[in-house]
Amino acid sequence: EVLRADVVHCHQRHVLLATLAALAGRATRKRVFATDLGGGGWDLGAYLSTDSWFHGQLHISEFSRRVAGQGDDPRAQVIFSGVDTDKFSPDARVSKTGGVLFVGRLLPHKGVDRVLEALPPDVPMEVIGRPYDPQFFELLRSLSAGKQVTFRTEVDDMQLVEAYRRARCVVLPSLYRDRYGNETIIPELMGQTLLEGMSCGIPGICTDVAAMPESVLHEVTGLVVPPGDLSAMRHALTEMYWNVERAQKMGAAARQRMIDHFGWPAVVRRCLSAYRGEVLEPVRANA
């Protein structure tokens, strides 16, 4: 397949197959690109630098490019992470009966415990995600006592879209350091659930961590709060739930930003430009 292709785009960087594809591309004069989606396996890159073997590194965020040490490398460009804006879309027929929505793995570095601590009793919240740590899940349940919190550990794709559509906002409060003192250097290469929620026309709330402020523009498409600041988080949750007009305005701006820069057609256009060797224009922070 590599030999038959015109361009090879590996959607995982730190795996042996990507490195072999890069070598095959060099031998056959085919252009090979790589995108780091996090994680990986055994690879020669653990022992020597293989960056120059690829014609380009296409990152899903500026943060990803920076932590890869490629901020000044002209071959490293940002294509952004894609979201299906047709599937994740607003529906005027769906009533905004929900409240704050969290979607993600129920793990300490995701910071959902901090949101539950900050959550006012009069603001409902829905937590969607699978518990991977029974002790942490019990903590989440105890923090939700006396509050309007619903946990859903099993939902299908359509149920997820419906949850986004009826929510007032989507929150992703990931942390570099969790409540147990554990550190995560790369908590979010982008923050896909923020993209999904904002594509459904609701504002995002996130911590000022990793790549998330690249999609949630403070006071434009949502609110960005300092990590671990319970007071700032409480204010953001209250504002996005009770200030309906402001939330609707931010939600509309979020939807448009997703279409313009994060929808698959936009990401594909940026990929095609990179394949042609063109320099991609950076997306303005206020665009």
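These figures come from a predicted structure and were not determined experimentally. (Residues numbered from 1 in each chain as written. Predicted model: local features only at pLDDT ≥ 70, side-chain atom pairs only at ≥ 80, totals over all residues. Heavy atoms only, no water.)

1. Some points on the environment of Glu188
Here is step 1: Mapped onto the elements of the fold, Glu188 is located in the loop between strand 8 (169–172) and helix 6 (192–199).
Here is step 2: Overall, the relative accessible area of 7% leaves Glu188 in the buried class.
Here is step 3: Considered as a pair, Glu188 and Leu175 are 13 residues apart in the sequence and their alpha carbons are 8.9 Å apart.
Here is step 4: Setting aside residues no more than four positions away along its own chain, Glu188 makes contact with Phe63, Lys110, Leu172, Ser174, Ala210, Ala211 and Met212.
Here is step 5: Here Ser174 takes part through its side chain, which lies 2.7 Å from a polar atom of the side chain of Glu188. (Helix = DSSP H or I, 4+ residues; strand = E, 2+ residues; numbered from the N terminus. Buried < 20%, exposed > 50% of the residue type's maximum accessible area, 1.4 Å probe, protein only. Contact = heavy atoms within 4.5 Å. Polar contact = N/O pair within 3.5 Å; in protein donor to acceptor, adjacent residues only side chain to side chain.)

2. Brief notes about the packing of helix 7 (residues 230–242) against helix 8 (residues 244–262)
Here is step 1: One can describe the packing of helix 7 onto helix 8 by two numbers: an axis separation of 5 Å at closest approach and a directional angle of 90°. With respect to each other, helix 7 and helix 8 are oriented roughly perpendicular. Facing Glu239, Met240, Tyr241 and Trp242 of helix 7, the residues of helix 8 in contact are Val244, Arg246, Ala247 and Met250.
Here is step 2: Looking at the contact of helix 7 with helix 8, its residues break down into 6 nonpolar, no polar and 2 charged. (Axes fitted to C-alpha atoms, helices over the stretch in contact; angles between N-to-C directions. Parallel < 35°, antiparallel > 145°, perpendicular 65-115°, else oblique. Nonpolar A, V, L, I, M, F, W, Y, C, P; charged D, E, K, R; others polar.)

3. Details of the pattern of salt bridges
Between side chains of opposite charge, pairing is possible as soon as their charged atoms come close.
Here is step 1: Applying the stated criterion to the full structure yields 19 salt bridges.
Here is step 2: The residue Lys110 makes a salt bridge to Glu188 at a minimum N-O spacing of 2.6 Å. Of this pair, Lys110 sits in the loop between strand 5 (100–103) and helix 3 (112–118) while Glu188 sits in the loop between strand 8 and helix 6, and the two are 78 residues apart along the sequence.
Here is step 3: We note a salt bridge from Glu219 to Arg246, for which the minimum N-O separation is 2.0 Å. Here Glu219 is found in the loop between strand 9 (204–207) and strand 10 (222–225), whereas its partner Arg246 is found in helix 8, with 27 residues between them in sequence.
Here is step 4: Residue classification places Arg246 among the partly exposed residues on the basis of a relative accessible area of 23%.
Here is step 5: The network of salt bridges with common partners includes Asp113, Arg114, Glu117 and Arg179. (Salt bridge = Lys/Arg side-chain N within 4 Å of Asp/Glu carboxyl O.)

4. As for the packing of helix 8 against helix 9 (residues 264–275)
Here is step 1: For the pair helix 8 and helix 9, the least separation of the axes is 5 Å and the interaxial angle reads 30°. The orientation of helix 8 relative to helix 9 falls into the category roughly parallel. Between helix 8, through Ile259, Asp260, His261 and Phe262, and helix 9, the contact on the second element is made entirely by Trp264, Ala266 and Val267.
Here is step 2: Grouping the constituent residues of the contact of helix 8 with helix 9 by class yields 5 nonpolar, 1 polar and 1 charged.

5. Quick look at the sheet that holds strand 3 (residues 56–59)
Here is step 1: Read from one edge to the other, the open sheet built from 4 strands follows the order 1-2-3-4, with strand pairing classed as parallel. Each edge of the open sheet is held by one strand with a lone partner, namely strand 1 (7–10) and strand 4 (76–78). Taken pair by pair, the neighbouring strands of this sheet meet at an average axis angle of 25°, ignoring direction.
Here is step 2: Pairing analysis gives 3 bridges linking strand 3 to strand 4, with the strands arranged parallel. By the bridge assignment for strand 4, Leu58 is matched with Gln77.
Here is step 3: Here helix 9 sits on the sheet in contact with strand 1, strand 2 (31–34), strand 3 and strand 4, set at roughly 135° to strand 2. (Pairing = 2+ DSSP bridges.)

6. Focus on the packing of aromatic side chains
The description of two aromatic rings rests on the distance between their centres and on the angle between their planes.
Here is step 1: Per the counting criterion, the structure on display carries 6 aromatic pairs.
Here is step 2: Relative to Tyr275, the ring of Phe33 has its centre 5.2 Å away and its plane inclined at 45°; by these criteria the two rings are tilted. Of this pair, Phe33 sits in strand 2 while Tyr275 sits in helix 9, and the two are 242 residues apart along the sequence. Here Phe33 and Tyr275 have matching classes, each one buried.
Here is step 3: Note on Tyr241 and Trp242: the rings are 4.8 Å apart at their centroids and 85° apart in plane angle, and the pair reads as edge-to-face.
Here is step 4: Note on Tyr241: relative accessible area 12%, which makes it buried.
Here is step 5: Positioned over the ring face of Tyr241 is Arg168, at 4.4 Å from the centre of the ring. (Phe/Tyr/Trp six-rings, centres within 6.5 Å; stacked < 30°, edge-to-face > 60°. Lys NZ or Arg CZ within 6 Å of the ring centre and 35° of its normal.)

7. Examining the pairing of strand 8
Here is step 1: Here strand 8 shows a buried face lined by Cys169 and Val171 and a second buried face lined by Val170 and Leu172.
Here is step 2: As paired strands, strand 8 and strand 9 are joined by 3 bridges and run parallel to one another. Pairing of Val170 across the sheet is with Gly204, part of strand 9.

Honestly, it's all geometry; don't read function into it.
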